[in-house]
Amino acid sequence: MMRVKTPPVVWRSRNHRYKLVGSKCKACGEVRFPPVHFCSCGGEVEEVELPRAGRLVSYSIVYAADEESRERSPVIMGLIDLGVTRVVAEIVDASPEEVHSGMQVEAVFRRIGEDGETGVIAYGIKFRPAVG
Amino acid sequence: MYVTRAVMEKIDRHYERGVKDLAAAVAKKALEGIDGVDYVLVASSLSYVQEPQLDLGAHIAYSLGLRGARAISVEAGEASGLAAVELAGALLKSKASRVLVIGVDKLTNFTSAETYAQLSLLYDEGVNMYSSGFGSVAGILMRLYMERYNVDRLTMAHWPALMHANAKHNPYAMLRFAIAPEKVLEAMPMADPITLMDSFPLGDGAAAILLESRPKEALAELAAVEAAVGHPNVAWSEDPLHIESLALAYGRLSEKHDLREVDVVELHDSFTITALMILESIGLAEKGKAAEAVASGRFSVNGDVAVNPSGGLKARGHPIGATGVYQVAEVALQLAGQFPGLKVEGARKGLAVSLNGFGSSSYVAYLRGVE
Ligand SMILES: [Zn+2]
């Protein structure tokens, strides 16, 4: 049993997952992804599209991945600095040997999971080594 | 308020016993010769997934023959145990004079792979949506630590080695054998640079403490408990290696109490990196220096301050929602000179530190010895 990805759950998170939409505080400018309802300063927030290129701060090569990711194991997870904020996301199109801290990465749209019982497929943003 | 009883079950794969059985085993001993309690607080977390029972506190209280007592269920992820102790403290300051706190949790009703997947529920949805597996965030943090501070993998491995050396003497610990630091590097990779030996074993457990406002005798005084919530996602921390919520909770505590020269600490080493981050976030080690300090013996039982003489989450074990109650029981027994494993001689001041995840919430309990 994992986090349940029923159709309503997948549907309501589509915006931030499909387009890399986060929240930005109207008072202090703090940016968050996934978006939050209130800034940590207490300010109100608005939606903002995040930059699609960033720098890999650190990463992990994950072997004991969940059942649904196991066929792709190992999975590389990274902490990415987008300038306005940082995100944790999967790194694709790179082997463990190619990945290194400090490398430039860019966002791509990929399948991120499927619920075994309902068959619902979720898509979202992942990052790959920057091309060019 | 005072800790007057402290009871623990050995953490293990208790296939033959359920949540109620484990809770009853510790509660029975904690209540021996006691004429009723005002409140029963039941801390549990993963059992809500593995052995679902809603209104767990009331069901357990009744199963203990405590009809008419007041019961509260406390769920705060990995910090559930200390969250229940904090709430017990508030009740003792207002309307209760005797409170039983039970920590109980179940991690072995499913396969290990299923259990690790369930444990990702402890983390924020934003980190979670990739189904990347338990340990991925810890792996990111560990690499960041090693690269930023130029610490090699073998130096980091002294933490699990120390925990195993301590747990060997603790009859309630799950993993009672010593390991060499080199063995940590040879273990199965989990979330590189993390191996399976950097994380806790999956085991069930239960612990109970009795807290009283004015007892005739006690194991230790529960001087105060502080808490704070913080970033649910490490990507949001200004410095992902600094646990802001813990520094805040610890700061609140140290404003009111002199926490210098603490003798014994039981802290939340869910991973090797979590232990180092905690040591640095509460100032027991300088930033970037905790790993070397561990390797040099500063936190061994005969070092400057004994950290996790129980063996910690790594080797004593980590029955998620029960762990905080184990920690308080262990610190209280150390201060009373009655801990059945490695003893911290002459200990007068002790801390228990518990987190959920990497600090989505943090709790610190301060205990003092009694004459
Ligand atoms: Zn703000």
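Residues numbered from 1 in each chain as written. Chains lettered and ligands numbered in written order. Predicted model: local features only at pLDDT ≥ 70, side-chain atom pairs only at ≥ 80, totals over all residues. Heavy atoms only, no water.

1. Let's talk about the overall build of chain B
- Helices and strands together make up the secondary structure of chain B, namely 15 helices and 12 strands.
- Here the C-alpha atoms of chain B give a radius of gyration of 19 Å, agreeing with the 21 Å that 2.2 N^0.38 yields for 371 residues.
- The principal-axis extents of the C-alpha atoms in chain B amount to approximately 55 × 45 × 40 Å.
- Taking all 371 residues of chain B together, 65% fall into the buried category.
- Taking as baseline every contact in chain B between residues at least 6 positions apart, the subset at least 24 positions apart corresponds to 79%.
- A total of about 12,900 Å² of accessible surface is found on chain B, and carbon and sulfur atoms cover 48% of it.
- Side chains of chain B carry 33 positive and 43 negative charges; the gap between the two charge centres is 6 Å. (Helix = DSSP H or I, 4+ residues; strand = E, 2+ residues; numbered from the N terminus. Rg over C-alpha atoms; globule rule 2.2 N^0.38 Å. Buried < 20%, exposed > 50% of the residue type's maximum accessible area, 1.4 Å probe, protein only. Contact = heavy atoms within 4.5 Å. Areas by Shrake-Rupley, 256 points an atom, 1.4 Å probe, with all protein chains shown as cover. Lys, Arg positive; Asp, Glu negative; His and termini not counted. Charge placed at Lys NZ, Arg CZ, Asp CG, Glu CD.)

2. Focus on the overall build of chain A
- When helices and strands are counted, chain A shows two helices and eight strands.
- Helices and strands in chain A line up, N terminus first, as α-α-β-β-β-β-β-β-β-β.
- When each of the 132 residues of chain A is scored for burial, the buried share is 45%.
- Accessible surface, chain A as shown: approximately 6,700 Å² in total, 51% of it carbon and sulfur.

3. A look at the confidence of the model for chain A
- The share of residues in chain A with pLDDT of 70 or more is 80%, and the mean pLDDT across the chain is 85.
- Looking across chain A, the model is least confident in helix 1 (residues 7–12) of chain A, with a mean pLDDT of 70, and most confident in strand 4 (residues 53–62) of chain A, with 96. (pLDDT = per-residue confidence, 0-100.)

4. Regarding the environment of G321 of chain B
- Mapping G321 of chain B onto the fold places it in the loop between helix 14 (312–315) and helix 15 (323–335).
- G321 of chain B sits 23 residues away from V344 of chain B along the chain, and the two C-alpha atoms are 26 Å apart.

5. Description of the packing of aromatic side chains
Residue and element names in this part refer to chain B.
- Counted under the stated rule, the structure contains three aromatic pairs over all chains.
- With a centroid separation of 6.3 Å and an interplanar angle of 20°, the aromatic rings of F271 and F358 are classed as stacked. You can see F271 sitting in the loop between strand 9 (264–266) and helix 12 (272–281) and its partner F358 sitting in the loop between strand 11 (349–356) and strand 12 (361–369), a full 87 residues away along the chain.
- We classify F358 as buried; its relative accessible area is 12%.
- Put simply, the rings of Y123, F271 and F358 pair up and form one aromatic cluster. (Phe/Tyr/Trp six-rings, centres within 6.5 Å; stacked < 30°, edge-to-face > 60°.)

6. A short note on the packing of helix 7 (residues 136–149) of chain B against helix 12 of chain B
Residue and element names in this part refer to chain B.
- Where helix 7 meets helix 12, the closest approach of the two axes is 9 Å, and the angle between their N-to-C directions is 60°. Between helix 7 and helix 12, the angle falls in the class oblique. In this structure, helix 7 meets helix 12 at a crossing whose hand is left-handed. Counted together, A138, L141, M142, Y145 and Y149 of helix 7 and I273, L276, M277 and E280 of helix 12 form the full contact between these two elements. (Axes fitted to C-alpha atoms, helices over the stretch in contact; angles between N-to-C directions. Parallel < 35°, antiparallel > 145°, perpendicular 65-115°, else oblique. Left-handed = near helix turned anticlockwise from the far one by under 90°.)

7. So, the nonpolar core
All names here are of chain B.
- Counting 124 residues, the largest nonpolar core has V101, I209, I273 and L367 as its most contacted members.
- Setting aside residues no more than four positions away along its own chain, L367 makes contact with V3, A220, E221, L222, A223, V328, V331, A332, L335, R348, K349 and G350.
- The next biggest cluster of nonpolar side chains, apart from the first, holds 21 residues, and it includes V26, A61, L100 and A208. (Core = buried A, V, L, I, M, F, W, Y, C linked by side-chain atoms within 4.5 Å.)

8. Details of the pattern of salt bridges
Residue and element names in this part refer to chain B.
- What the rule picks out here adds up to 18 salt bridges over all chains.
- R368 is the salt-bridge partner of E221, the closest N and O atoms lying 3.1 Å from each other. Of the two residues, E221 is situated in strand 8 (residues 220–229) and R368 in strand 12; the sequence distance between them amounts to 147 residues.
- For E221, a relative accessible area of 18% puts it in the buried group.
- With a relative accessible area of 28%, R368 lands in the partly exposed category.
- A single network of salt bridges, built from pairs that share partners, joins E9, E16 and R17. (Salt bridge = Lys/Arg side-chain N within 4 Å of Asp/Glu carboxyl O.)

9. Some remarks on the coordination of the zinc ion
Residues and elements named next belong to chain A.
- Binding of the zinc ion to the protein goes through C25 (SG), C28 (SG), C39 (SG) and C41 (SG), at separations of 2.2 to 2.4 Å.
- Between the four donor atoms coordinating the zinc ion, the angles at the centre fall across 105 to 119°, so the site counts as tetrahedral.
- The buried category is assigned to C25, whose relative accessible area is 3%. (Donors = N, O, S within 2.8 Å, 3.2 Å for Na, K, Ca; no water. Tetrahedral: all angles 85-135°; square planar, octahedral: opposite > 155°, others 65-115°.)

10. Details of the sheet that holds strand 8 of chain B
All names here are of chain B.
- If you walk across this open sheet you meet the 10 strands as 3-2-4-7-1-8-12-11-9-10, and the pairing is mixed. Taken across any chain shown, the strands that pair with only one partner, and hence form the sheet edges, are strand 3 (70–74) and strand 10 (306–307).
- Together, strand 8, strand 11 and strand 12 form the strand contacts of helix 11 (residues 244–256), whose direction differs from that of strand 8 by roughly 140°. (Pairing = 2+ DSSP bridges.)

11. Let's talk about the confidence of the model for chain B
Residues and elements named next belong to chain B.
- When pLDDT is averaged along chain B, the result is 96, and 98% of the positions lie at 70 or above.
- Mean pLDDT values for the elements of chain B range from 62 in helix 6 (residues 125–128) up to 99 in helix 15.
- For this predicted complex, the interface score ipTM comes out at 0.93, while the overall pTM is 0.96.

12. Quick word on the sheet that holds strand 1 (residues 21–25) of chain A
All names here are of chain A.
- A sheet is described by the order of its strands in space; here three strands give the open sequence 2-1-3, paired in antiparallel fashion. The open sheet has two free edges, formed respectively by strand 2 (31–32) and strand 3 (45–49), since each of these has just one partner strand.
- When strand 1 meets strand 2, the two strands line up antiparallel, connected through two bridges. Counterpart to S23 in the pairing with strand 2 is R32.

13. Notes on the packing of helix 1 (residues 19–30) of chain B against helix 3 (residues 56–63) of chain B
Residues and elements named next belong to chain B.
- Interhelical geometry of helix 1 versus helix 3 gives an angle of 55° and a closest axis separation of 10 Å. Relative to helix 3, helix 1 is oriented oblique. As for how helix 1 packs across helix 3, the hand of that crossing is right-handed. Together, V19, K20 and A23 of helix 1 and L56, H59, I60 and S63 of helix 3 make up the contact between the two elements.
- Its residues assigned to classes, the contact of helix 1 with helix 3 comprises four nonpolar, two polar and one charged. (Nonpolar A, V, L, I, M, F, W, Y, C, P; charged D, E, K, R; others polar.)

14. A look at the environment of P51 of chain A
All names here are of chain A.
- Relative to the assigned elements, P51 resides in the loop between strand 3 and strand 4.
- Taking the C-alpha atoms as reference, P51 lies 8.7 Å from A107; in sequence the two are 56 residues apart.
- Setting aside its immediate chain neighbours within four residues, P51 contacts L20, L82 and V84.

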